[in-house]
Amino acid sequence: MNKGGRSLTRYRALLLDADGTIFDYDRGEEFALEKTLQDFSFEGEGVDLLTLYRRINKKIWKEFEQGSIKAGELKIERFRRFSAELGIDFDPEKFSNIYLDHLAQAAFMLPGAREVLEGLKDDYTMVLLTNGLSGVQRSRVRLAGVGEYFRELVISEEVGEAKPAPGIFARALKAAGNPALEEALMVGDSLESDILGGSRFGLDTCWLRGGEREIPEELSPTYIIDEISQLPAVLEGRG
Ligand SMILES: [Mg+2]
């Protein structure tokens, strides 16, 4: 028993977030936006287009997590807002389709992620649990060649619910073969989606901290790591 009174059962299942956890989403997003802007022959003219897009996209994903917008609307609405803020008229639906095609090709992994998956594959049932768009996520997993490591990909657009909502965690546990709650660990970089969602569901959580960030008092990840390559050591502690 540890201080919290829980017995230290060995984990059998890992629920892994995708973006910012095994994939370098920032790099992928930059790649896709740049390519799309080139396709549309944009001139930046002093506006930091990537920063503007990221601000709009972050806000709209929050709205999605809160349930006020659907994934199908989000895809296009973010570029409608982008167009409006820039004061440049383009077809947001066309822009979105081309952007998503480029994003689906952007399978950049974070350093060490592939090695971690390879090293853990024989000892853990792994499920990818991601808030994202089906076509984009499935394409990137395939292009990165990491599909074989996961028993299933659980993607919010397909489930119709996004982390931190409990239904998608239930879906992911089922995909992992229904381990007991204490036998599964949620690993992710988002305090809101992964850590709050996971711990509310009753899971132990491992927070992949990006840089120096304070943890709100109401959140207490079971483990905190700075990069994904530290995950095996965390798991060995429970071995
Ligand atoms: Mg993430």
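Just so it is clear, the structure is predicted and the values come from calculations on it, not from any experiment.

### Looking at the domain arrangement of the protein chain
Next up, step 1: When the domains of the protein chain are assigned, the result is domain 1 (13–23 + 108–236) and domain 2 (26–104).
Next up, step 2: Taking only C-alpha atoms, the centre of domain 1 and the centre of domain 2 are 25 Å apart.
Next up, step 3: Listed per partner, the contact involves 15 residues of domain 1 and 12 residues of domain 2.
Next up, step 4: Surface buried jointly by domain 1 and domain 2 totals about 1100 Å² across both partners, of which 71% is contributed by carbon and sulfur atoms.
Next up, step 5: Taken as a group, Phe 108, Leu 133 and Val 136 account for 50% of the area that domain 1 buries against domain 2, more than any other trio of residues on that side.
Next up, step 6: Our count for the contact surface shared by domain 1 and domain 2 stands at 1 salt bridge.
Next up, step 7: Where Lys 75 meets Glu 157, a salt bridge forms, and the shortest distance between an N and an O atom there is 3.3 Å.
Next up, step 8: Between the two partners, domain 1 and domain 2, sit 2 residue pairs in polar contact (both at pLDDT 80 or more).
Next up, step 9: For the side of domain 1 that touches domain 2, the secondary-structure elements that each account for two or more residues are helix H6 (134–144), helix H7 (156–159) and helix H9 (191–201).

### Description of the sheet that holds strand E5 (residues 204–208)
Next up, step 1: Spatial ordering of the open sheet is given by E3-E2-E1-E4-E5-E6, a layout of 6 strands whose pairing is parallel. At either margin of the open sheet sits one strand with a lone partner, and together these are strand E3 (152–155) and strand E6 (223–225). Taking each pair of neighbouring strands and ignoring which way they run, the sheet shows an average axis angle of 20 degrees.
Next up, step 2: Here strand E1 (residues 13–16) runs beside strand E2 (residues 125–130); their pairing, made up of 4 bridges, is parallel. Paired with Leu 16 across the bridge in E2 is Leu 128.
Next up, step 3: Against the sheet, helix H8 (residues 166–175) contacts E1, E2, E3 and strand E4 (184–188), and its axis sits at roughly 175 degrees relative to E3.

### Considerations on the coordination of the magnesium ion
Between any two of four tetrahedral donors, the ideal angle at the metal is 109.5 degrees; between two of six octahedral donors, it is 90 or 180 degrees.
Next up, step 1: Donor atoms from the polypeptide that bind the magnesium ion are Asp 17 (OD), Asp 19 (O) and Asp 189 (OD), placed at 2.1 to 2.2 Å.
Next up, step 2: Here the donor residues for the magnesium ion map to a single chain with the spacing D-x1-D-x169-D. Taken together, the residues span a long stretch of sequence, with Asp 17 in the loop between E1 and helix H1 (25–39) and Asp 189 in the loop between E4 and H9 at a distance of 172 residues.
Next up, step 3: For Asp 17, a relative accessible area of 6% translates into the label buried.

### Re the pairing of E1
Next up, step 1: Side chains Ala 13 and Leu 15 of E1 all project onto a buried face; the interleaved residues Leu 14 and Leu 16 project onto the opposite face, where all are buried too.
Next up, step 2: When E1 meets E4, the two strands line up parallel, connected through 4 bridges. Each bridged residue has a counterpart across the sheet, and for Leu 16 the counterpart in E4 is Val 187.

### Digging into the side chain of Ser 83
Next up, step 1: With respect to the element layout, Ser 83 can be found in helix H3 (residues 71–86).
Next up, step 2: Take Ser 83: its relative accessible area is 8%, and that puts it in the buried class.

### Some details on the pattern of salt bridges
Next up, step 1: Tallied over the entire structure, the rule returns 15 salt bridges.
Next up, step 2: A salt bridge links Arg 140 to Asp 19, with the shortest nitrogen-to-oxygen separation between them at 2.8 Å. Highlighted residues: Arg 140 in helix H6 and Asp 19 in the loop between E1 and H1, separated in sequence by 121 residues. Taken as a pair, Arg 140 and Asp 19 share a single burial class, namely buried.
Next up, step 3: For Lys 163, the salt bridge identified is with Asp 194, shortest N-O distance 2.7 Å. Linking Lys 163 in the loop between H7 and H8 with Asp 194 in helix H9, this pair joins segments that are 31 residues apart in sequence. You'll find Lys 163 and Asp 194 in the same group, each marked buried.
Next up, step 4: Beyond isolated ion pairs, a larger network of salt bridges with shared partners links Lys 59, Glu 63, Glu 77, Arg 80 and Arg 81.

### Some thoughts on the nonpolar core
Next up, step 1: Ranked by size, the top nonpolar core spans 31 residues in total, and within it Leu 117, Met 126, Val 146, Phe 150, Leu 185 and Leu 231 carry the most contacts.
Next up, step 2: Among the elements that make up this core, the one with the highest residue count is helix H5 (residues 113–120) (4 residues).
Next up, step 3: Once you skip the residues sitting within four places of it in the chain, Met 126 turns out to touch Leu 14, Leu 16, Leu 117, Leu 120, Lys 121, Tyr 149, Phe 150, Arg 151 and Glu 152.
Next up, step 4: Ranked by size, the runner-up nonpolar core spans 27 residues in total, among them Leu 33, Leu 37, Leu 49 and Leu 74.

Each value, and the rule that gives it
Residues numbered from 1 in each chain as written. Predicted model: local features only at pLDDT ≥ 70, side-chain atom pairs only at ≥ 80, totals over all residues. Heavy atoms only, no water. Domains from an automatic or database assignment. Contact = heavy atoms within 4.5 Å. Buried area = accessible area lost by both parts, 1.4 Å probe. Salt bridge = Lys/Arg side-chain N within 4 Å of Asp/Glu carboxyl O. Polar contact = N/O pair within 3.5 Å; in protein donor to acceptor, adjacent residues only side chain to side chain. Helix = DSSP H or I, 4+ residues; strand = E, 2+ residues; numbered from the N terminus. Pairing = 2+ DSSP bridges. Axes fitted to C-alpha atoms, helices over the stretch in contact; angles between N-to-C directions. Donors = N, O, S within 2.8 Å, 3.2 Å for Na, K, Ca; no water. Buried < 20%, exposed > 50% of the residue type's maximum accessible area, 1.4 Å probe, protein only. Core = buried A, V, L, I, M, F, W, Y, C linked by side-chain atoms within 4.5 Å.

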